[in-house]
Amino acid sequence: MIRILRQVARAGLVTEAPPDPDEALRGVREQLEKEVLRSFAGALAIRHVDAGSCNGCELEIHACSNPYYNLEGLGIRFVASPRHADLLLVTGPVSKHMEEALRRTYDATPDPKLVVAIGDCGCTGGVFGENYASRGRVSNVIPVDVAVPGCPPTPHAIMQGILTAITRAP
Amino acid sequence: MQIGSFDIATETLPGAAKAERCVVDFLGWLELAQAVAAADGHLVAIWGVDDRDRGRGFGVRVAYGLPEALLIAELPLASEPPVYPDLAATFPAADRMQRAMFDLLGLQPLGAEDDRAWLRHGAWPRDVYPLRRTTPVDTDHVMVPEVYPFVSVTGEGVHEIPVGPVHAGTIEPGHFRFSIIGERVLRLEEHLGYKHKGIEKRFEGLAIPDAARLAARVSGDSTVAYGWAFAMAVEAALDHRVRERAAWLRALALERERVANHLGDLGFIGNDAGLGFALAQFSRLRENWLRSNAALFGHRLAMDFVVPGGVAGDMEDQVERDMRLQARDVEVEVLHLRSLLDDHAGLQDRLRRCGVVTPELARRLGLTGLAGRASGVARDLRVQSPTAPYDRIGPRLCGATDGDVAARAAVRFDEIVESLHLIQRLLDTLPPREESTPLPDAKGHRFGVGRVEGWRGEVLVALELDEGAVRRVHPHDPSWQNWPVLEHAILGNIVPDFPLINKSFNLSYAGVDL
C-alpha cells in the first residue's frame, strides 16, 4: 500500500498543472464547471451509445476520463443506464442493426434530454455513408443537439461539444 | 509447395508478405485443409468473391498461415448453386466466417453444422445478398428484426442473463447471452453483427486513396495495422517497393500503436479488478503517448499516416530525440508499475486462474495473436515471417502458458518493453530520407495481399484492383478467431468476472462486424 501511495504522490496531480498546449483546455474546464453547476446542480450524467463506430471515438471518449482531462472531476460522469442520463453521447454512423437499440435508448432517457453526436460519422455518416446496412448520420435516427466533427475528435473537442450542448439546455 | 506429405503447385505472389497462391477443386479444398492442420498451420481468413461479371462464377478463398509463407487457395464455384465444403470441422474458427459469407454472398458451406445467420439481423432479407455485384450498394430494405435462436440450457436452477447490444460502459455494441446457475456461468453465447455497416460493399469501386482511408477505419484501435496491411496489399498488386525509410516509419507507428493499446488495456484490467490506481496511472501514460503521436504523425492515433506507396509526412531530427527519451522514460515507469501490480495480492487474486484458456484448447480452437501467445501459441509475424524492417531489428517473441487474465496482462507488459526496445532499434537504424516514387498505374485485374502483426494479432487485407480502382477488399481481424474462444474462457467463472476476462482479450466488434 505504501508503495502505491508513494507512486500516487510521485505522479502528482497532472490535472492541476496542464502542459502549455493545454492552456486552451483550462478555459473550457472552468466554463464547463460553471455551466454544469448552473444547469444541472453540479452533476451531469452521460450515457454513451456506440451506434456503429470504428471504435476510434470510444478511445477518445475514454481519454476524457484520464487524469489530464478529468471530466468526472467537473461533476460529469458516465452512467450505465439511459434512465439515469441527462445527455446521450452517440458515436458512429447508425448501423441498421443498431437503429432500434438507439431509438429505445433515446426513448428511455428522461426529458429534458440532450444528444451530442460524436465524430465525422455521427455528423455526416463519414467514410461509411448510407447503404443497405447503414443509416448514416445520427440525426437521421434521433434528434441531435450538437454534432462534434473529427475523426476521431480530440478529448478537448468532445468536452467542448458537451459544453455547447449544456449552454443550449433549457 | 510441400505441406507435410501433401504436394501442391503454387504460384508466388509479389509483395512484401511472403505469399503463395493455388487453385483447388472441391476435393482439394478439403485435402488441403487437412494437410495444413496436420502440418500445424493455422487458418487466417476465409472470404468469397462474385466473379460472374468476369465470365466466371463465384469463388471462395482461404488463407492459411504456414511457416514458409501465407498460402491462399481459391476454389471456383458454379453460379447456381454456389456450394463448397465446410471447413469448420477442421478449423472451428471457420464457422462464423462461413456464416458471414452466406449472409453477404449466398455461398453455402456443405456439411456445416450451424446455419444460423451471423451478420444479417434482418436489415436485408435472407434471399438478398448485398455483396453480390448485381446488388446495388444503395439497396434499401425495411428492417425486419429477426429473433436469434440462442442455444438454451435447461435444468433446475438454470437461468439466462441477456446483455446488450448497448452495454453499461463506453464499449462497442454486441449481445452476450449467459446461462448461469447461481453465479457460475454454464454457457456464454455471443451474438455480434450489430455494427455491420457494409464496409466490404463500400470498398467496391473506390479509388485507392479513398479505400485506404476506409481500411484505416475498419477497427480504429488498429488503424496503423490496417493502414499498413492495405498499403502492403496495394503495393503487392502493383509490384511496387516502398522506400526503406517509409517501412521504418510505418514500423515506428505500429509499435507505438501496440504500446498505446497495451497501456490502455493494463489500466482497464486493473480497474475492472477494482484497482482504480492502475487506470489513473496507465491512462496518464497513454495520454502522454498519444500527445506525442500527434506531434510525430499529425494524429493522436496515427490514423492515415500509412498511405499506399509510403507514409504521409516525415520526422524532424528533434522529434527523433524526443521519441528516444520518451521510450526510455516509459520503460522505467512501466517496469515500476508492474512491480507494484505484481506485489498487489488483492489484484493478483483476481487475475490468476481467472478466464483460463489452456494451450491445448487454444490450439484446438485456433486462438491467435496476443491472447494466443498468453496460452502458449508462440506465433508472431514479426518474428516468424518478418517483412522489412522487422527482419533487421530482431524482435523477440513474448509469451506465457498459463492462459489466464494474469498471463494476458503479463504478455502485454513484456510486449510494451519489447516494443520500446524496438523503437530504439528502429531509430538506431533509420534509413536516410529519400524522394518517394509514385505508385505505378494499375492496368487490368490485379491481386495483392498484406499481412501485419497488429497489437491484437494478425491483420490481413486481400485486395483486387480493376483498372486502378478497387474491385474487392476483404479485411480480416484476428478477433474472428478469438471471439469464439472467449465463450470457453468464461466457463466455470462467475458472472462478475466477465468484464475482467473480456477486457483481458479486448477484442474488436467493429473489426468483425464490418
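For clarity, every value in this text was computed on a predicted model and none was experimentally measured.

1. Some thoughts on the overall build of chain B
- The helix and strand tally for chain B stands at 17 helices and 17 strands.
- The C-alpha atoms of chain B give 22 Å as radius of gyration, which agrees with the globular expectation for 514 residues (24 Å, within 12%).
- Overall, the C-alpha framework of chain B stretches about 70 × 60 × 50 Å when taken along its three principal axes.
- Sorting the 514 residues of chain B into buried and exposed places 63% on the buried side.
- Within chain B, counting contacts between residues at least 6 apart in sequence, those at least 24 apart form 68% of the total.
- With the model as given, the accessible surface of chain B reaches about 18400 Å², and the carbon-plus-sulfur share is 52%.
- Between the centroid of the 57 positive side chains of chain B and the centroid of its 73 negative side chains there is a distance of 2 Å.

2. Let's talk about the domain arrangement of chain B
All names here are of chain B.
- With domains assigned, chain B is organised as domain 1 (2-110), domain 2 (150-195 + 478-514) and domain 3 (261-297 + 314-435).
- The centre of domain 1, based on its C-alpha atoms, is set 33 Å off from the matching centre of domain 3.
- Facing the 6 residues of domain 1 at the interface are 5 residues of domain 3.
- Carbon and sulfur atoms make up 50% of the surface buried where domain 1 meets domain 3, a total of about 450 Å² over both sides.
- Considering only the surface of domain 1 that becomes buried against domain 3, Asp-40, His-42 and Pro-92 emerge as the three largest contributors, covering 62% of it.
- At the boundary of domain 1 and domain 3, one finds 1 salt bridge.
- Here Asp-40 makes a salt bridge to Arg-363, at a shortest N to O gap of 3.5 Å.
- Our count for the contact surface shared by domain 1 and domain 3 stands at 1 residue pair in polar contact (both at pLDDT 80 or more).
- Broken down by class, the residue content of the side of domain 1 that touches domain 3 amounts to 4 nonpolar, 1 polar and 1 charged.

3. Some details on the pattern of salt bridges
Residue and element names in this part refer to chain B.
- As enumerated under the stated definition, the model contains 57 salt bridges over all chains in all.
- Between Arg-177 and Glu-160 there is a salt bridge, with the nearest N and O atoms lying 3.2 Å from each other. Here the residue Arg-177 occupies a position in strand β11 (residues 175-181), and Glu-160 occupies one in strand β10 (residues 158-163), the gap between them amounting to 17 residues.
- Each of Glu-11, Arg-21, Asp-51, Asp-53, Arg-54, Arg-61, Glu-74, Arg-133, Glu-464, Asp-466 and Arg-471 takes part in one network of salt bridges that share partners.

4. Considerations on the environment of Glu-415 of chain B
Residues and elements named next belong to chain B.
- Along the chain, the position of Glu-415 falls in helix α14 (residues 405-428).
- If near-sequence neighbours (up to four positions away) are discounted, Glu-415 is found in contact with Arg-258, His-262, Leu-370, Arg-373 and Cys-398.
- In terms of polar contacts, Glu-415 uses its side chain to reach the side chain of His-262, at 3.0 Å.

5. A word on the packing of helix α4 (residues 208-215) of chain B against helix α5 (residues 223-237) of chain B
All names here are of chain B.
- Running from N to C, α4 and α5 cross one another at 150 degrees; their axes reach a closest spacing of 8 Å. Handedness of the crossing formed by α4 with α5: right-handed. Counted together, Ile-208, Ala-211, Ala-212 and Ala-215 of α4 and Tyr-226, Phe-230 and Val-234 of α5 form the full contact between these two elements.

6. Some remarks on the side chain of Arg-99 of chain B
All names here are of chain B.
- For Arg-99, the location among the structural elements is in helix α2 (residues 94-105).
- Given the relative accessible area of 5%, Arg-99 is considered buried.
- Here Tyr-148 takes part through its side chain, which lies 2.6 Å from a polar atom of the side chain of Arg-99.
- Not counting residues within four places of it along the chain, the set of residues in contact with Arg-99 comprises Asp-114, Arg-116, Ala-117, Trp-118 and Tyr-148.

7. Re the interface of chain A and chain B
- Across the contact, 49 residues belong to chain A and 64 residues belong to chain B.
- When the shortest N-O distance is used, the salt bridge between Asp-343 of chain B and Arg-3 of chain A registers 2.6 Å.
- Where chain A packs against chain B, one counts 32 residue pairs in polar contact (both at pLDDT 80 or more).
- Take the side of chain A that touches chain B: its biggest share by element is 7 residues, from helix α3 (residues 56-63) of chain A.
- Split into classes, the residues belonging to the side of chain A that touches chain B amount to 26 nonpolar, 14 polar and 9 charged.

8. Some details on α14 of chain B
- The terminal C-alpha atoms of α14 of chain B lie 35 Å apart, and with 24 residues this matches the ideal 34 Å at 1.5 Å per residue to within 8%.
- In terms of residue burial, α14 of chain B counts as a mostly covered element, since 19 of its 24 residues are buried.

9. Quick look at the sheet that holds β11 of chain B
Residue and element names in this part refer to chain B.
- Across the sheet, 3 strands lie side by side as β10-β11-β12; this open sheet has antiparallel pairing. The sheet terminates laterally at β10 and β12 (184-191), the two strands that pair on one side only. Mean inter-strand twist for the sheet, computed between neighbouring axes without regard to direction, equals 20 degrees.
- Bridge analysis of β10 against β11 gives 6 bridges, and the strand direction is antiparallel. Bridging across to β11, Val-163 finds its partner in Phe-176.

10. Brief notes about unusual backbone geometry
- Cis peptide bonds are those with omega within 30 degrees of zero, and the linkage from Cys-151 of chain A to Pro-152 of chain A qualifies with -15 degrees.
- Of the consecutive residues Ala-388 of chain B and Pro-389 of chain B, the connecting peptide bond is found in the cis state with omega at 5 degrees.
- Position of Pro-389 of chain B among the secondary structure elements: in the loop between α12 (381-384) and α13 (390-393).
- Even without glycine at this site, Asp-239 of chain B takes up a positive phi of about 50 degrees.

11. Brief notes about the nonpolar core
- With 162 residues, the main nonpolar core has Leu-32 and Phe-230 of chain B as its most contacted residues.
- With 13 residues, the top contributor of residues to this core is helix α6 (residues 244-272) of chain B.
- Beyond its immediate sequence surroundings of up to four residues, Leu-32 of chain B is in contact with Ile-3, Phe-6, Ile-8, Cys-22, Val-24, Tyr-64, Leu-71 and Ala-73 of chain B.
- In terms of nonpolar packing, the next biggest core, distinct from the first, is built from 23 residues, Cys-64, Tyr-68, Val-146 and Ile-162 of chain A among them.

12. A word on the pairing of strand β7 (residues 70-77) of chain B
Residues and elements named next belong to chain B.
- Judged by how many residues are buried, β7 sits mostly within the fold: 7 of 8 residues are covered.
- Of the pairings in the sheet, the one linking strand β4 (residues 19-23) to β7 comprises 5 bridges and is parallel in character. Following the sheet pairing, Arg-21 is matched in β7 by Ile-72.
- In this structure, strand β6 (residues 58-65) lies alongside β7, joined through 8 bridges in antiparallel fashion.

Procedures and definitions
Residues numbered from 1 in each chain as written. Chains lettered and ligands numbered in written order. Predicted model: local features only at pLDDT ≥ 70, side-chain atom pairs only at ≥ 80, totals over all residues. Heavy atoms only, no water. Helix = DSSP H or I, 4+ residues; strand = E, 2+ residues; numbered from the N terminus. Rg over C-alpha atoms; globule rule 2.2 N^0.38 Å. Buried < 20%, exposed > 50% of the residue type's maximum accessible area, 1.4 Å probe, protein only. Contact = heavy atoms within 4.5 Å. Areas by Shrake-Rupley, 256 points an atom, 1.4 Å probe, with all protein chains shown as cover. Lys, Arg positive; Asp, Glu negative; His and termini not counted. Charge placed at Lys NZ, Arg CZ, Asp CG, Glu CD. Domains from an automatic or database assignment. Buried area = accessible area lost by both parts, 1.4 Å probe. Salt bridge = Lys/Arg side-chain N within 4 Å of Asp/Glu carboxyl O. Polar contact = N/O pair within 3.5 Å; in protein donor to acceptor, adjacent residues only side chain to side chain. Nonpolar A, V, L, I, M, F, W, Y, C, P; charged D, E, K, R; others polar. Axes fitted to C-alpha atoms, helices over the stretch in contact; angles between N-to-C directions. Left-handed = near helix turned anticlockwise from the far one by under 90°. Expected span 1.5 Å × (residues − 1). Pairing = 2+ DSSP bridges. Core = buried A, V, L, I, M, F, W, Y, C linked by side-chain atoms within 4.5 Å.

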